[in-house]
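Spelled out, the chains give:
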Amino acid sequence: MGLDLEYTNGQTPLEEDEKDGLLIPTITTRADLDEYEHLNIEEAMFWITSKTLKTETIFTEKFVRNLHKRMYGNVWKWAGDFRKTNKNLGVDKWQIPTELKNLCDDALYWVQQKTYSPDEIAIRFKHRIVSIHCFPNGNGRHSRLMADIIIEKIFNLPLFTWGAGDLIQQGDIRTNYIQAVKEADQGNFAPLISFSRS
Ligand SMILES: Nc1ncnc2c1ncn2[C@@H]1O[C@H](COP(=O)(O)OP(=O)(O)O)[C@@H](O)[C@H]1O
Ligand SMILES: [Mg+2]
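Here the structure is a predicted model, which is why all the values come from computation and not from measurement.

On a plain count of helices and strands, the protein comes out with eight helices and zero strands. N-terminal to C-terminal, the α/β element order of the protein is α-α-α-α-α-α-α-α. The C-alpha radius of gyration computed for the protein amounts to 17 Å, which stays within 12% of the reference 16 Å derived for 198 residues, consistent with globular compactness. In terms of overall dimensions, the protein has a C-alpha envelope of 65 × 35 × 30 Å along the principal axes. A total of 198 residues make up the protein; the buried ones form 26% of that total. Restricting the contact set of the protein to residue pairs at least 6 apart, pairs at least 24 apart contribute 56%.

Okay, structure coming up:
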């Protein structure tokens, strides 16, 4: 093989199991995959921009799954389908529909009762849905787009900035983000809320 040039700068090849359900056979590296997913997510964001969405529509399994399908459906066969295996993060695979229903019911109540500020409602929803980990992959980006949809479509407030940099690649922004996520795991949402507005 010679020098490992192909392993630098995100040129990491995908593992065999990571290729399961890949709809575009020419994608062979992490960098290719990031690029295709990014384009697909931009399409999903464009689809959302033109839509008026009611609170009762957003907080449903149907919408949550449809958004995931819109974000990754060009790239992954399983886009929009709940995970069929257990992961180190997330609830047991059989609990996904129930946990998601509970979250949607809770979130609807938070909005109606003004239990928390708009930012806190969006961020609590984001954190709990990524903790359920509904899908085989793409949960982090999906949860952030859900938070953006909640803040814009329900509350008519400016979108989150999410550290104003690259959250996907390793780096300081990613490190700060994961730190804030871990605080939220302990029930302290302030760091994640302030990160999302930084
Ligand atoms: N301890 C944790 N608690 C809750 N969420 C976490 C934790 N660690 C990681 N995450 C979330 O899981 C995401 C990774 O899941 P994944 O499905 O691979 O999403 P993506 O492919 O969009 O990055 C991270 O981006 C982060 O948002
Ligand atoms: Mg991932």
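Next, the rest of the story.
This brings us to helix 4 (residues 96–113). For an α-helix the count is 3.6 residues per turn, leaving residues at separations of three or four pointing the same way. In a regular helix each residue adds 1.5 Å, so 18 residues correspond to 26 Å; helix 4 covers 25 Å between its end C-alpha atoms and thus fits that length. Leu 100, Ala 107 and Val 111 are the residues of helix 4 that are buried. Take helix 4 and look down its axis: the buried residues cluster within an arc of 35°, on one side only. Among the exposed residues of helix 4, those pointing more than 90 degrees away from its buried face are Thr 98, Asp 105, Tyr 109, Gln 112 and Gln 113. For helix 4, the elements touching its buried residues are helix 2 (55–58), helix 3 (61–72), helix 5 (118–132) and helix 6 (139–154).

Moving on, we come to the confidence of the model for the protein. Per-residue confidence for the protein averages 93 on the pLDDT scale, and 95% of its residues sit at or above 70. Between residues 1–6, whose pLDDT stays under 50, and residues either more than four places distant or in other chains, the model counts one contact.

Attention shifts here to the site of ligand 1. The full set of residues close to ligand 1 is Leu 89, Val 130, Ser 131, Asn 137, Gly 138, Asn 139, Gly 140, Arg 141, Val 181, Lys 182 and Asp 185. Of all the secondary-structure elements, those providing two or more residues to the shell around ligand 1 are helix 5, helix 6 and helix 7 (172–185). A class-by-class count of the residues in the shell around ligand 1 yields three nonpolar, five polar and three charged.

Right, let's talk about the packing of helix 3 against helix 6 for a bit. The geometry of a pair of packed helices is captured by two quantities: the angle between their axes and the separation between those axes. In contact at an axis separation of 10 Å, helix 3 and helix 6 are set at 120° when each is read in the N-to-C sense. Taken as axis vectors, helix 3 and helix 6 run oblique relative to one another. Viewed along their axes, helix 3 and helix 6 form a crossing whose handedness is right-handed. Only Arg 141, His 142, Leu 145 and Met 146 of helix 6 make contact with helix 3, whose side of the interface consists of Leu 67, His 68 and Met 71. Per-class residue counts for the contact of helix 3 with helix 6 are four nonpolar, two polar and one charged.

Moving on, we get to the nonpolar core. Ala 122, Phe 125, Met 146, Ala 147 and Ile 150 are the most contacted members of the largest nonpolar core, which has 36 residues in total. For this core, the elements supplying multiple residues, two or more each, are helix 3, helix 4, helix 5, helix 6, helix 7 and helix 8 (190–196). With seven residues, helix 5 is the single largest residue contributor to this core. Taken together, domain 1 (53–156) and domain 2 (161–198) each give at least three residues to this core, which thus spans both. Apart from the residues lying within four places of it in its own chain, the contact partners of Ala 147 are Ala 122, Ile 123, Phe 125, Lys 126 and Phe 160.

For the rest of this paragraph, the subject is the packing of helix 5 against helix 6. Where helix 5 meets helix 6, the axes come as close as 9 Å, and the angle between the chain directions of the two elements is 155°. In terms of axis orientation, helix 5 runs roughly antiparallel to helix 6. With respect to the hand of their crossing, helix 5 and helix 6 are arranged in right-handed fashion. Here Pro 118, Ile 121, Ala 122, Ile 123, Phe 125, Lys 126, Ile 129 and Val 130 of helix 5 come into contact with helix 6, specifically with Asn 139, Gly 140, Ser 143, Arg 144, Met 146, Ala 147, Ile 150 and Ile 151. Per-class residue counts for the contact of helix 5 with helix 6 are 11 nonpolar, three polar and two charged.

Domains assigned within the protein are domain 1 (53–156) and domain 2 (161–198). Each of domain 1 and domain 2 was reduced to a C-alpha centroid, and the two centroids are 18 Å apart. Listed per partner, the contact involves six residues of domain 1 and eight residues of domain 2. Here the element with the most residues in the side of domain 1 that touches domain 2 is helix 5; it accounts for five residues. When its residues are assigned to classes, the side of domain 1 that touches domain 2 shows one nonpolar, one polar and four charged.

What follows concerns the environment of Pro 97. Note that Pro 97 resides in helix 4. Sequence separation of Pro 97 and Thr 49 is 48 residues, and the distance between their C-alpha atoms is 27 Å.

Conventions and cut-offs
- Residues numbered from 1 in each chain as written.
- Chains lettered and ligands numbered in written order.
- Predicted model: local features only at pLDDT ≥ 70, side-chain atom pairs only at ≥ 80, totals over all residues.
- Helix = DSSP H or I, 4+ residues; strand = E, 2+ residues; numbered from the N terminus.
- Rg over C-alpha atoms; globule rule 2.2 N^0.38 Å.
- Buried ≥ 20, exposed ≤ 12 C-beta atoms within 10 Å, placed from the backbone.
- Contact = placed C-beta atoms within 7 Å.
- Expected span 1.5 Å × (residues − 1).
- Arc of directions from axis to C-beta.
- pLDDT = per-residue confidence, 0-100.
- Near = placed C-beta within 6 Å.
- Nonpolar A, V, L, I, M, F, W, Y, C, P; charged D, E, K, R; others polar.
- Axes fitted to C-alpha atoms, helices over the stretch in contact; angles between N-to-C directions.
- Parallel < 35°, antiparallel > 145°, perpendicular 65-115°, else oblique.
- Left-handed = near helix turned anticlockwise from the far one by under 90°.
- Core = buried A, V, L, I, M, F, W, Y, C linked by C-beta atoms within 7 Å.
- Domains from an automatic or database assignment.

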